[in-house]
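Observations on the model geometry
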Amino acid sequence: TPRARASSKGDAASGAKSWVSSLHVDDEGNWLTAAGGVEGTSAGAGFASAGIGGHISKWHVGASELYPTSWTTTDAAISGLAHYEDAMLSVGDEAWVTHWSPTSVAAPKARAATSMRAAFAALSLSVKSTAATDESEGGDGMDVAGGETEGKEAGMREMLIVGGSAPAIDCFTNPSSLAFSLAL
């Protein structure tokens, strides 16, 4: 069960130890997502051959209990979660942002490449959607906000910011592709 697989003691039969490195609760408080890593697993058990993989689970929050709804292993440990538009996103020890359904993590919906080999943190934020592209007003000619997102306040747009193993911050204005990176 997800509860046993996600325990800090790990799976006694395989000698695996797992940990939870990121938690996320949706805005309505109905869904909890937990993710992390599993160490000491063997190759062929659904994890990378290095012996460290990951896990992600989705839980429905009831009146006084949590009900597990889905759970899966991943090839790399997960270190960060963020909700972006209509998806739950995870980042970790790989060069991808992985997209999951907001109510199930049985299988990834999609992946988007980052500019770094591992991503450690993800943040979704609403930014003002402006066409500040007029270079005469000090703009750089780049409209970073893109189009408006349905269900958001007029003039607002979601932006995904990802940080990791590079001296840069990746910015996504479209969840399926990297828009630009900011060098630090």
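Attention here is on the structure that accompanies the text.

Conventions used here
Residues numbered from 1 in each chain as written. Predicted model: local features only at pLDDT ≥ 70, side-chain atom pairs only at ≥ 80, totals over all residues. Heavy atoms only, no water. Pairing = 2+ DSSP bridges. Helix = DSSP H or I, 4+ residues; strand = E, 2+ residues; numbered from the N terminus. Axes fitted to C-alpha atoms, helices over the stretch in contact; angles between N-to-C directions. Core = buried A, V, L, I, M, F, W, Y, C linked by side-chain atoms within 4.5 Å. Buried < 20%, exposed > 50% of the residue type's maximum accessible area, 1.4 Å probe, protein only. Contact = heavy atoms within 4.5 Å. Polar contact = N/O pair within 3.5 Å; in protein donor to acceptor, adjacent residues only side chain to side chain. Salt bridge = Lys/Arg side-chain N within 4 Å of Asp/Glu carboxyl O.

In this section: the sheet that holds strand β3 (residues 52-61). As summarised here, the arrangement of the four strands in space is β1-β2-β3-β4, forming an open sheet in which the pairing is antiparallel. Of all the strands in the sheet, the pair left with one neighbour each is β1 (17-25) and β4 (66-74). The sheet shows a mean angle of 20° between the axes of neighbouring strands, taken without regard to direction. In terms of strand pairing, strand β2 (residues 31-39) meets β3 through nine bridges, oriented antiparallel. Of the residues in β3, the one forming a bridge with Gly-36 is His-55.

With that settled, consider the nonpolar core. Residues Leu-89, Val-91, Val-97, Ala-122, Leu-160, Val-162 and Phe-172 are the most contacted members of the largest nonpolar core, which totals 13 residues. Elements that contribute at least two residues to this core include exactly β5 (78-84), β6 (87-92), β9 (119-128) and β10 (156-164). Here this core gets three residues from one element, more than from any other, and that element is β6. Apart from the residues lying within four places of it in its own chain, the contact partners of Val-162 are Val-91, Val-97, Thr-114, Met-116, Ala-119, Ala-121, Ala-122, Ala-168, Ile-169, Asp-170 and Phe-172. Within the second largest apolar cluster, seven residues are counted, among which are Ile-78, Met-88, Trp-100 and Val-105.

Now for the sheet that holds β5. In a beta sheet, neighbouring strands are held together by backbone hydrogen bonds and run either parallel or antiparallel to one another. Within the open sheet, the four strands sit side by side as β5-β6-β7-β8. Their pairing is antiparallel. Of all strands in the sheet, those with a lone pairing partner are β5 and β8 (110-113), marking the two edges. Averaged over neighbouring strand pairs, the angle between their axes works out to 25° when direction is ignored. As judged from the four bridges shared by strand β7 (residues 96-100) and β8, these two strands associate in the antiparallel manner. Residue pairing across strands places Trp-96 opposite Ala-113, the latter belonging to β8.

In this section: the side chain of Ser-57. Residue position: Ser-57 is located in strand β3. What makes Ser-57 buried here is its relative accessible area of 1%. Side chain to side chain, Ser-57 and Trp-59 meet in a polar contact 2.7 Å long. Setting aside anything within four residues of it in sequence, one finds Ser-57 in contact with Leu-32, Thr-33, Ala-34, Ser-70, Trp-71 and Val-105.

We now examine the side chain of His-24. Within the secondary structure, His-24 is located in strand β1. Those residues in contact with His-24 that lie beyond four places of it in its chain are Trp-31, Leu-32, Thr-33, Leu-81, His-83 and Met-88.

To continue, consider the pattern of salt bridges. Evaluated as defined, the whole model comprises two salt bridges. When the shortest N-O distance is used, the salt bridge between Arg-157 and Glu-85 registers 3.2 Å. Here Glu-85 lies in the loop between β5 and β6 and Arg-157 lies in strand β10, a separation of 72 residues in the sequence. Glu-85 sits in the partly exposed class, given a relative accessible area of 26%. A salt bridge links Glu-94 to Arg-111; the nearest nitrogen and oxygen atoms lie 3.8 Å apart. Placement of the pair is Glu-94 in the loop between β6 and β7 and Arg-111 in strand β8, with a sequence separation of 17 residues. Glu-94 gets classed as buried once you look at its relative accessible area, which sits at 17%.

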